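Examining the three-dimensional arrangement
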Amino acid sequence: MAKNPGENLTIAIKTPNPKTEHHWGDYFMALSLKKAFEKKGFNVVIHEYEDWYKEDKVDIVFVLRGLYEYEINPDHINLMWNISHPELVSLEEYETYDIVFISSQKYAEKIGSEINTPVFPLLQCSDPDVFYPEEDDSCRHDILFVGIARDNRIIMEDILKTKYDVSVYGKHWLDHIDKKYVCGEFIDNGQLHKYYSSSRILLNDHWEEMRKWDFPSNRLFDALLSGAFVISDEIPSAKTIFKDSIVTYNGAEDLENKIDYYLSNPGEREKKIKKGREIILKNHTFDNRVDYVVKSLKKLKFI
């Protein structure tokens, strides 16, 4: 076997984003994965949605499973990383893959008990070259939320019931909330860490199915690595994976009380910020994840 596990092997990362949508998190995820796989000696290409069935010569296909199903080619080693929307993936689809990775310990255990394909938990993660503390006065907000508008975004409903204002960045918010809260539609991924670092409180939430099955949001990993203090909706991994380095709330009154407390106690915020960043740097980088993927491929004798 080659000394470098990826030597002479080409991996194609299939991202669900169209070529016109480079603001999708999946695309930036693919860029960081590419870099981490290349460190292991793999040749790596990224295929955006329109190029999924491009006839490149590849050995391994790594599908970032979000909104769309990929029809596998059995001539390849096919890996799925189910990072979101678990309700969209059938057991039959999972079964077509050689290995399935799922961004939830709880859901990986469930699916692993129901199919023959090997299933491993593989949480989301972050890239320390992209997300790191860097405060900038032009990016400073007391309470910040970054994300696209959608119905049933409970955290937005809750924050607007409190006495606090919130600064919002994301598409379509003008159709949902007063324009005084909307600061912009898009923050460039290369600048996002500055906004996270410079906010006093960053708000986070999850899709209902992701909260139910404990799929922690990629925003949590990026925010903690950037040195943000985070208040999120309730999710079990706040206590397990993140060791209480993020604060969770339940309802508008609880949210207001926790904002009151942590704005008045910056030392408590700093403790959680320090702890959270250390946890991500040690356990939840793209290098960590690619190490695990390569070990899984070796264990099952695919490489």
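Described below are features of the structure shown in this document. In this text, all values refer to a predicted model and were calculated from it rather than measured experimentally. (Residues numbered from 1 in each chain as written. Predicted model: local features only at pLDDT ≥ 70, side-chain atom pairs only at ≥ 80, totals over all residues. Heavy atoms only, no water.)

So, about the pairing of strand E5 (residues 99-102). One face of the sheet, then the other: side chains in a regular strand alternate in exactly this way. Side chains Ile99 and Phe101 project from E5 onto one buried face, and the interleaved Val100 and Ile102 project onto a second face that is buried too. Across four bridges, strand E4 (residues 77-82) lies against E5 in parallel orientation. The residue bridging Met80 from the neighbouring strand is Val100, located in E5. Bridging between E5 and strand E6 (residues 119-121) involves three bridges; their strand directions are parallel. The partner of Ile102 across the bridge, within E6, is Pro121. Taken together, E5, helix H3 (residues 105-112) and E6 constitute a β-α-β crossover, and its handedness is right-handed. (Buried < 20%, exposed > 50% of the residue type's maximum accessible area, 1.4 Å probe, protein only. Helix = DSSP H or I, 4+ residues; strand = E, 2+ residues; numbered from the N terminus. Pairing = 2+ DSSP bridges. Right-handed = clockwise from strand over helix to strand, strands pointing away.)

On to helix H10 (residues 286-299), then. When the terminal C-alpha atoms of H10 are compared, their 20 Å separation across 14 residues agrees well with the 20 Å that a helix rising 1.5 Å per residue should span. When we look at burial in H10, the residues that qualify are Phe286, Arg289, Val290, Val293, Val294, Ser296 and Leu297. Buried residues of H10, seen end-on, are gathered within an arc of 160° and therefore sit on one face of the element. Structural note: H10 exposes Lys295 and Lys299 on the side pointing more than 90 degrees away from its buried face. (Expected span 1.5 Å × (residues − 1). Arc of directions from axis to C-beta.)

On to the pattern of salt bridges, then. Using the criterion set out here, one finds 19 salt bridges in the structure. For Asp129, the salt bridge is made with Lys35, and the minimal N-O distance between the two is 2.9 Å. Here Asp129 is found in the loop between E6 and strand E7 (143-146), whereas its partner Lys35 is found in helix H1 (residues 25-39), with 94 residues between them in sequence. The salt bridge involving Lys163 is made with Asp260; its shortest N-O contact spans 3.2 Å. One end of the pair, Lys163, is in the loop between helix H4 (154-159) and strand E8 (167-169); the other, Asp260, is in helix H8 (residues 252-264), with 97 residues separating them in the sequence. Assessed through its relative accessible area of 56%, Lys163 is described here as exposed. The structure contains a network of salt bridges with shared partners spanning Lys35, Asp127 and Asp129. (Salt bridge = Lys/Arg side-chain N within 4 Å of Asp/Glu carboxyl O.)

Once that is clear, we can look at the sheet that holds strand E9 (residues 182-184). With parallel pairing, six strands are arranged side by side in an open sheet as E9-E8-E7-E10-E11-E12. Looking at strand neighbours, the two that pair on one side only are E9 and strand E12 (247-249), the edges of this open sheet. Put simply, the sheet's adjacent strands are angled 30° from each other on average, direction ignored. The pairing of strand E10 (residues 201-204) with strand E11 (residues 230-233) spans three bridges and is parallel. Each bridged residue has a counterpart across the sheet, and for Leu203 the counterpart in E11 is Ile231. Helix-sheet contacts for H8 involve E7, E10, E11 and E12, and the interaxial angle to E12 is about 150°. (Axes fitted to C-alpha atoms, helices over the stretch in contact; angles between N-to-C directions. Contact = heavy atoms within 4.5 Å.)

Any link to function would need more than the numbers given here.
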